[in-house]
2 protein chains.
Amino acid sequence: MSSSQDTKQAHFNVFLRAAGHHAAAWRHPSTTPELTFQFDYYKRLALTAERGLLDSVFMADGYVGTGRRLEPFTLLSALAAVTTNLGLIGTVGTTYNEPFHVARKFASLDRISGGRSGWNIVTGHTDETAFNFGKQSHLEHSERYRWAEEFVEVTKQLWDSWEEDALVFDKAKGIQFDDSKLHEINYEGKVYKVKGPLNIPRPPQGYPVLVQAGSSESGKELAAQTAEVVFTAQPTLAEGKAFYADVKGRLARYGRTPDQILILPGFSPIIGDTRAEAQELEDELNSFHDIDRHIAALSERFGIDLTGYPLDAPVPEILNPKGIEDVNGSKSRHQLILDMLRSDANLTLRQVVNRLSAARGHLTFTGTPIEVADVIEQWLDEQGADGFNLMPPIYPEGLDSFIDKVVPELQNRGRFRTAYEGATLRENLGLAVPANRFSASAASGIASAN
Amino acid sequence: MSSSQDTKQAHFNVFLRAAGHHAAAWRHPSTTPELTFQFDYYKRLALTAERGLLDSVFMADGYVGTGRRLEPFTLLSALAAVTTNLGLIGTVGTTYNEPFHVARKFASLDRISGGRSGWNIVTGHTDETAFNFGKQSHLEHSERYRWAEEFVEVTKQLWDSWEEDALVFDKAKGIQFDDSKLHEINYEGKVYKVKGPLNIPRPPQGYPVLVQAGSSESGKELAAQTAEVVFTAQPTLAEGKAFYADVKGRLARYGRTPDQILILPGFSPIIGDTRAEAQELEDELNSFHDIDRHIAALSERFGIDLTGYPLDAPVPEILNPKGIEDVNGSKSRHQLILDMLRSDANLTLRQVVNRLSAARGHLTFTGTPIEVADVIEQWLDEQGADGFNLMPPIYPEGLDSFIDKVVPELQNRGRFRTAYEGATLRENLGLAVPANRFSASAASGIASAN
């Protein structure tokens with residue numbers, strides 16, 4: 001069934017993650033956590049996603065901790081070689097990288113994949129990260145976002161530094177490049193100073209699809225200014241709708257229109273052929289849950305020691321709004337807890353931790369494929385989402401069941417594509433190739449962007 | 001035919017490079033320079049190399065200029081997904097990168113490829129590079145090598161920071177990692193300060209195969225200290241033998257033995273079924289040669305203006321030994337010219353430039369497959385090489401003819417493998433997996449490397 005003009009269709013990304021998104025997924029009998037570092041495991045997941053016509057897969061990243069993941073540029077490039085239409089989105093942080101390297105690697109990945117790359121822009125969040133790069137402490141939250149803004153601006157200018165027709169390869173005349181189509185950028189900001197041009201042609205997509213996942217005030221503003229896809233954690237439709245309206249409402253001040261950004265909340269459906277079957281899987285996953293470890297992890301993430309508090313009493317004062325203001329940690333995740341407490345002030349520490357552990361505060365739902373499709377349809381129709389960032393609770397089964405059971409249901413309802421619209425990620429997401437700032441005005445010689 | 005114990009066998013790397021290694025390759029009718037940025041082009045070359053049982057392919061890199069190449073981590077990762085035995089060597093510079101990022105990406109590539117990665121360690125060489133990273137000028141030559149030494153030491157410690165059996169995944173007990181097998185490195189040198197551990201397990205090969213290509217005094221010393229494969233430009237057997245003896249002779253002071261390093265001079269054979277046919281191809285390539293452009297490129301590379309000098313008079317004073325001492329450029333390439341002048345003091349500027357343009361000063365030879373095999377055999381027997389870094393003058397034909405005509409001849413002579421010896425690059429090169437510094441002494445808890 002093809003799409004009707006009146007029916008909003010869903011976009012889906014799949015968030016790759018070790019054995020699955022439930023914190024206890026790796027202990028479930030059906031998962032094989034040893035495969036976390038095997039390429040063939042990710043290849044199988046990517047081919048499943050592509051069989052299901054999903055828009056993209058996404059690999060997160062960080063520069064500290066025990067990891068449990070392959071590095072995104074290397075993994076996504078390898079996946080590019082074995083897939084054809086699937087988008088390939090990777091996290092790359094702006095605080096400890098060089099814009100030139102990041103622009104170059106994305107230009108290369110975009111070319112290798114024929115225009116299927118996406119960049120999830122993050123600023124990182126712990127002092128522990130800083131220690132791996134010779135720094136004494138992590139940058140303060142708003143300072144990180146200022147760096148990120150500059151970083152993204154530099155990479156965009158570098159991608160523009162080759163006009164599309166800069167490559168000539170005129171064998172008879174012996175001319176490889178049209179020098180007038182290569183541009184120094186001579187960027188000089190408060191943080192970065194980069195001459196350019198980049199040493200690889202502009203990506204087929206112009207820029208990789210720009211993705212943002214911060215839901216703090218600075219994160220939302222950076223998203224409105226820069227992002228084309230937003231990953232976000234919205235545990236209820238009410239919160240999803242508020243976030244959706246908030247972010248789309250910020251676009252006008254940057255001269256952007258609501259269709260230039262796709263909001264994809266995380267969604268972790270536990271799917272069973274019957275409700276009872278789905279509930280059984282949820283219970284089984286929760287039975288592997290180790291609450292002490294999760295409280296320790298949460299403590300590390302927020303830089304607040306939450307151990308020792310009673311589990312079944314209301315959450316400790318330290319997690320409440322007053323305590324949060326001073327923390328240079330992950331404000332988005334803090335906001336999530338505030339949202340939970342706002343909707344139910346009596347939540348216990350155990351309840352908060354349980355909700356975060358199921359899918360780290362993202363939307364969860366346990367039910368049949370029909371019911372999962374209902375949830376998706378409702379979020380689309382009520383302006384809560386343009387689609388979802390799928391976070392299967394366990395891999396590979398959680399993805400298989402979505403592809404084999406939910407996708408056909410959505411297709412029958414006219415809510416999902418029955419074939420890829422195009423060859424690039426931008427084409428499948430309905431996003432335009434950004435104009436090259438140099439192409440219109442380029443006359444001759446080396447022009448400067450500043 | 002299997003190898004005899006008395007017969008030294010060759011190892012071969014293939015140096016990937018746009019349309020080919022002859023400077024005019026892109027103008028030859030058989031090449032398609034437009035494919036330079038197409039993954040399928042490199043995939044075809046890699047599959048040819050693997051069909052020929054070659055040890056590895058190599059992708060160079062730089063952070064300035066018009067590039068004409070895909071970025072190594074992304075390209076090699078994509079090639080990993082479509083090959084099985086072929087080694088994948090990439091250049092990554094030490095002056096403008098972070099050891100943590102480089103260690104992490106190589107660990108990931110090594111894992112994706114099942115132990116087939118190699119790292120060509122370079123220090124970079126122009127101020128133009130510095131301008132793309134917010135720096136005013138490039139580091140001075142010996143300072144760069146000091147940074148490189150530290151950089152490599154940090155990455156090795158990071159690779160060791162996970163003992164091989166750190167991953168446990170005990171579902172019953174709920175234990176994913178053995179914390180006592182993860183180690184902070186707490187490295188604190190003059191340049192780098194890195195806490196660790198790395199956030200990905202140790203590479204299957206322990207470390208990627210470490211490659212070095214600097215042939216300056218500092219380069220040779222870094223090679224003797226660190227490298228397991230050396231790429232080098234040695235235009236004659238006499239020079240090759242001297243270099244071979246020099247580098248192998250330096251190993252003892254680092255407690256290493258001659259078999260722990262493989263010396264692979266660059267080799268650009270122009271192959272024809274008859275001598276006349278080969279000569280015809282060489283003449284054809286030279287007919288596309290644009291000497292003015294090459295003099296300009298040489299000027300840029302050395303930071304010396306060579307334009308305006310008479311082409312057919314002896315080389316200008318500025319290129320002679322006195323002029324070279326002060327240049328913070330590519331000393332190895334300078335040394336090459338000195339070597340040329342030493343063997344023939346009357347060389348003209350045109351002759352020097354012609355020799356560099358054929359294969360940038362590497363060994364060239366024009367002849368039949370039998371004659372090419374003779375050259376290889378002689379270099380092996382006279383201690384000039386452990387094999388070669390193949391630099392086909394034109395792609396893909398120059399590689400095809402080597403694989404289809406020279407490889408079988410070498411196999412018939414017992415000079416090349418008839419099947420891959422192993423699954424990893426180390427196994428095929430006959431190099432051991434380095435011991436993990438933490439494994440022997442690790443008792444319990446977090447140990448420090450310093």
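Residues numbered from 1 in each chain as written. Chains lettered and ligands numbered in written order. Predicted model: local features only at pLDDT ≥ 70, side-chain atom pairs only at ≥ 80, totals over all residues. Heavy atoms only, no water.

Under an unreviewed UniProt entry, the name given to chain A is LLM class flavin-dependent oxidoreductase, and the source organism is Cohnella fermenti. Regarding chain A, the UniProt comment filed under Sequence similarities (unreviewed entry) reads as follows: "Belongs to the NtaA/SnaA/DszA monooxygenase family." (UniProt positions renumbered as here; feature names shortened; annotations may be inferred.)

Caption draft 1: Spatial organisation of the packing of helix α2 (residues 72-80) of chain A against helix α2 (residues 72-80) of chain B. Contact geometry of α2 of chain A with α2 of chain B gives a least axis separation of 7 Å together with a crossing angle of 45°. Considered as vectors, α2 of chain A and α2 of chain B are oriented oblique to each other. Handedness of the α2 of chain A/α2 of chain B crossing: right-handed. Here F73, T74, S77 and A78 of chain A of α2 of chain A lie close against α2 of chain B, whose contacting residues are F73, T74, S77 and A78 of chain B. The residue inventory of the contact of α2 of chain A with α2 of chain B, partitioned by class, reads 4 nonpolar, 4 polar and no charged. (Axes fitted to C-alpha atoms, helices over the stretch in contact; angles between N-to-C directions. Helix = DSSP H or I, 4+ residues; strand = E, 2+ residues; numbered from the N terminus. Parallel < 35°, antiparallel > 145°, perpendicular 65-115°, else oblique. Left-handed = near helix turned anticlockwise from the far one by under 90°. Contact = heavy atoms within 4.5 Å. Nonpolar A, V, L, I, M, F, W, Y, C, P; charged D, E, K, R; others polar.)

Caption draft 2: Inspection of the packing of α2 of chain A against helix α3 (residues 99-112) of chain A at higher detail. All names here are of chain A. Interhelical geometry of α2 versus α3 gives an angle of 15° and a closest axis separation of 9 Å. Here α3 runs roughly parallel to α2, going by the angle between their axes. Our pair here, α2 against α3, has a crossing hand that is left-handed. Taken together, the residues of α3 that come into contact with α2 (itself represented by F73, L76, S77 and A80) are V102, K105, F106, L109 and I112. Of the residues belonging to the contact of α2 with α3, the class tally is 7 nonpolar, 1 polar and 1 charged.

Caption draft 3: Up close: the interface of chain B and chain A. Facing the 67 residues of chain B at the interface are 67 residues of chain A. Surface buried jointly by chain B and chain A totals about 5,800 Å² across both partners, of which 58% is contributed by carbon and sulfur atoms. At the junction of chain B and chain A, the tally comes to 6 salt bridges. For E71 of chain B, the salt bridge identified is with K105 of chain A, shortest N-O distance 3.8 Å. (Buried area = accessible area lost by both parts, 1.4 Å probe. Salt bridge = Lys/Arg side-chain N within 4 Å of Asp/Glu carboxyl O.)

Caption draft 4: Expanded view of the pattern of salt bridges. Enumeration according to the criterion identifies 60 salt bridges over all chains in this entry. A salt bridge links R51 of chain A to D404 of chain A, with the nearest nitrogen and oxygen atoms 2.8 Å apart. Separated by 353 residues along the polypeptide, R51 of chain A in helix α1 (residues 39-51) and D404 of chain A in helix α14 (residues 397-412) bring together distant segments of the chain. Here R437 of chain B makes a salt bridge to D160 of chain B, at a shortest N to O gap of 2.7 Å. Of this pair, R437 of chain B sits in the segment after α15 (425-429) while D160 of chain B sits in helix α5 (residues 141-160), and the two are 277 residues apart along the sequence. Each of the salt bridges in this network shares a partner with another, and the network as a whole consists of E217, K220, E221, D246, R250 and R253 of chain A.

Caption draft 5: Region of interest: the UniProt feature "binding site: FMN" (unreviewed entry) in chain A. Residues and elements named next belong to chain A. Within this structure's numbering, the places UniProt gives as "binding site: FMN" (unreviewed entry) are D61, T91, H141, Y145, S215 and S216. Tracing the sequence through the fold places Y145 in helix α5 (residues 141-160). Residues in contact with Y145, not counting those within four places in the same chain, are T123, Q212, G214, S216, S218, G219 and L222. Examined against the element boundaries, S216 turns out to sit in the loop between β9 (209-212) and α6 (217-226). Among the polar contacts listed, one links the side chain of S216 to the side chain of H141, at a separation of 3.3 Å. (Polar contact = N/O pair within 3.5 Å; in protein donor to acceptor, adjacent residues only side chain to side chain.)

Caption draft 6: Looking closely at the relation of the copies chain B and chain A. Mapping chain B onto chain A leaves a residual RMSD of 0.0 Å; the transformation is a rotation of 180° accompanied by 0.0 Å of translation along its axis. Look at the turn and shift together and you get a two-fold axis relating the two. When C-alpha positions in chain B are compared against the rotation axis, the closest is assigned to A78 of chain B, at 1.9 Å. Of the residues that chain B buries at the interface, 100% are likewise interface residues in chain A, meaning the two copies contact each other through the same surface. (Least-squares fit on C-alpha atoms with pLDDT ≥ 70 in both.)

Caption draft 7: Summary view of unusual backbone geometry. A cis geometry characterises the amide bond from G196 of chain A onward to P197 of chain A, with omega recorded as 0°. Topologically, P197 of chain A is positioned in the loop between β8 (193-194) and β9. Even without glycine at this site, L53 of chain A takes up a positive phi of about 65°. Tracing the sequence through the fold places L53 of chain A in the loop between α1 and β2 (56-59). In the Ramachandran plot, F169 of chain B falls in the positive-phi region, its phi being about 50° despite a non-glycine side chain.

Caption draft 8: Layout of the packing of aromatic side chains. Residues and elements named next belong to chain A. Inspection of the entire model under this criterion finds 40 aromatic pairs over all chains. On the basis of an interplanar angle of 55° and a centroid distance of 5.3 Å, the ring pair of F12 and F416 is categorised as tilted. Of the two residues, F12 sits in strand β1 (residues 11-16) while F416 sits in the loop between α14 and α15 (425-429), which places them 404 residues apart along the sequence. Across this residue pair, the class does not change: F12 and F416 are buried. Put simply, the rings of F73, F106, W119, W147, F151, W159, Y192 and Y207 touch in pairs and so form one group of aromatic residues. (Phe/Tyr/Trp six-rings, centres within 6.5 Å; stacked < 30°, edge-to-face > 60°. Buried < 20%, exposed > 50% of the residue type's maximum accessible area, 1.4 Å probe, protein only.)

Caption draft 9: Geometry of the environment of G134 of chain B. Residues and elements named next belong to chain B. Note that G134 resides in the loop between α4 (127-131) and α5. Since its relative accessible area comes to 35%, G134 is described here as partly exposed. Separated by 229 residues in the primary sequence, G134 and L363 place their C-alpha atoms 38 Å from one another.

Caption draft 10: Representation of the side chain of R104 of chain B within the structure. Checked against the element boundaries, R104 of chain B lands in helix α3 (residues 99-112). In this structure R104 of chain B touches D61, G62, R69, L70, E71 and P72 of chain A together with L198, N199 and I200 of chain B, once residues within four positions along its chain are discounted.

Caption draft 11: Structural detail: the environment of F365 of chain B. Positionally, F365 of chain B belongs in strand β12 (residues 363-367). Once residues within four sequence positions are removed from consideration, F365 of chain B is found in contact with F267, S268, P269, I270, E371, V372 and V375 of chain B.

Caption draft 12: A look at the nonpolar core. Ranked by size, the top nonpolar core spans 154 residues in total, and within it L79, I376 and F402 of chain A together with L79, I376 and F402 of chain B carry the most contacts. Residues in contact with L79 of chain B, not counting those within four places in the same chain, are L16, F39, Y42, K43, A46, V57 and L88 of chain B. (Core = buried A, V, L, I, M, F, W, Y, C linked by side-chain atoms within 4.5 Å.)

Caption draft 13: Fine view of the confidence of the model for chain A. All names here are of chain A. Here chain A averages 89 in pLDDT, and 92% of its residues register 70 or above. A low-confidence stretch, residues 322-329 (pLDDT under 50), is modelled with 18 contacts involving residues beyond four sequence positions or located in other chains. Below pLDDT 50 for its whole length, residues 442-450 participates in 24 contacts with residues either more than four positions away or in separate chains. (pLDDT = per-residue confidence, 0-100.)

Caption draft 14: Region of interest: helix α8 (residues 275-287) of chain B. Residues and elements named next belong to chain B. Between its first and last C-alpha atoms α8 spans 18 Å; for 13 residues at 1.5 Å apiece the expected length is 18 Å, and the two agree. For α8, the full list of buried residues reads A278, L281 and L285. Along the long axis of α8, the arc covered by the buried residues comes to 60°, so they all point the same way. Along α8, exposed side chains directed more than 90 degrees from the buried face belong to R275, A276, E280 and S287. (Expected span 1.5 Å × (residues − 1). Arc of directions from axis to C-beta.)

Caption draft 15: View of a negative patch on the surface. Together, E277, E280, D283 and E284 of chain A line one region of the surface with negative charge. Position of E280 of chain A relative to the elements: it lies in helix α8 (residues 275-287). (Patch = residues over 30% accessible without salt bridge, like charges linked within 9 Å, V, L, I, M, F, W, Y side chains within 5 Å. Areas by Shrake-Rupley, 256 points an atom, 1.4 Å probe, with all protein chains shown as cover. Lys, Arg positive; Asp, Glu negative; His and termini not counted. Charge placed at Lys NZ, Arg CZ, Asp CG, Glu CD.)

Caption draft 16: The pairing of β2 of chain A, seen in detail. Residue and element names in this part refer to chain A. Residue alternation in β2 divides its side chains into two sets, S56 and F58 and V57 and M59, and both sets are buried. Bridge analysis of β1 against β2 gives 4 bridges, and the strand direction is parallel. Bridge pairing in β2 links L16 to M59. Read from β1 through α1 to β2, the crossover connection turns out right-handed. The sheet contact formed by β2 and strand β3 (residues 87-93) spans 4 bridges and is parallel. By the bridge assignment, V57 is partnered in β3 with L88. (Pairing = 2+ DSSP bridges. Right-handed = clockwise from strand over helix to strand, strands pointing away.)

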